[in-house]
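Examining the three-dimensional arrangement
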Amino acid sequence: TSDRVAIGCDDGSVVVVDLRTTKIVATFAALEGPIFSIAEISETHLVVAGNRGTLKMLDLSSRNE
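Residues numbered from 1 in each chain as written. Predicted model: local features only at pLDDT ≥ 70, side-chain atom pairs only at ≥ 80, totals over all residues. Heavy atoms only, no water.

**A look at the pattern of salt bridges**
The final tally for this structure, using the stated rule, is one salt bridge. Where aspartate 3 meets arginine 20, a salt bridge forms, and the shortest distance between an N and an O atom there is 2.3 Å. Separated by 17 residues along the polypeptide, aspartate 3 in the segment before strand E1 (4-8) and arginine 20 in the loop between strand E2 (13-18) and strand E3 (23-29) bring together distant segments of the chain. For aspartate 3, a relative accessible area of 21% corresponds to the partly exposed category. (Salt bridge = Lys/Arg side-chain N within 4 Å of Asp/Glu carboxyl O. Helix = DSSP H or I, 4+ residues; strand = E, 2+ residues; numbered from the N terminus. Buried < 20%, exposed > 50% of the residue type's maximum accessible area, 1.4 Å probe, protein only.)

Pasting the structure below:
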């Protein structure tokens, strides 16, 4: 959403940060190795891409803040 940003990390995790408070609101262990790309599918779903074409869909609604 416009008040949050998802950040792909070198360790394969995705961190969601609230831009108003600058606090981490969720962390996902997404892939092994670095995240190269993140695409928003809907308000609650992201697709992340990593090494060797690895893809994974993340359900943001499954995380409690």
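**Section: unusual backbone geometry**
Backbone geometry at threonine 22 places phi at a positive 60°, although glycine is not the residue there. Backbone geometry at arginine 52 places phi at a positive 55°, although glycine is not the residue there. Structurally, the position occupied by arginine 52 is in the loop between strand E5 (45-49) and strand E6 (55-59).

**Concerning the nonpolar core**
Core analysis: the largest hydrophobic core is formed by 11 residues, namely Val14, Val16, Val25, Ala26, Phe28, Ala30, Leu31, Ile35, Leu46, Val48 and Leu58. Elements represented by at least two residues in this core include exactly E2, E3 and E5. At three residues, the largest contribution of residues to this core is made by E3. (Core = buried A, V, L, I, M, F, W, Y, C linked by side-chain atoms within 4.5 Å.)

**Description of the sheet that holds E5**
Spatial ordering of the open sheet is given by E4-E5-E6, a layout of three strands whose pairing is antiparallel. Taken across any chain shown, the strands that pair with only one partner, and hence form the sheet edges, are strand E4 (37-40) and E6. In this sheet, neighbouring strand axes are inclined to one another by 25° on average, regardless of whether the strands run parallel or antiparallel. Two elements, E4 and E5, share four bridges in a ladder whose sense is antiparallel. Residue isoleucine 38 lies in a different strand from E5, and its bridge partner there is valine 48. (Pairing = 2+ DSSP bridges. Axes fitted to C-alpha atoms, helices over the stretch in contact; angles between N-to-C directions.)

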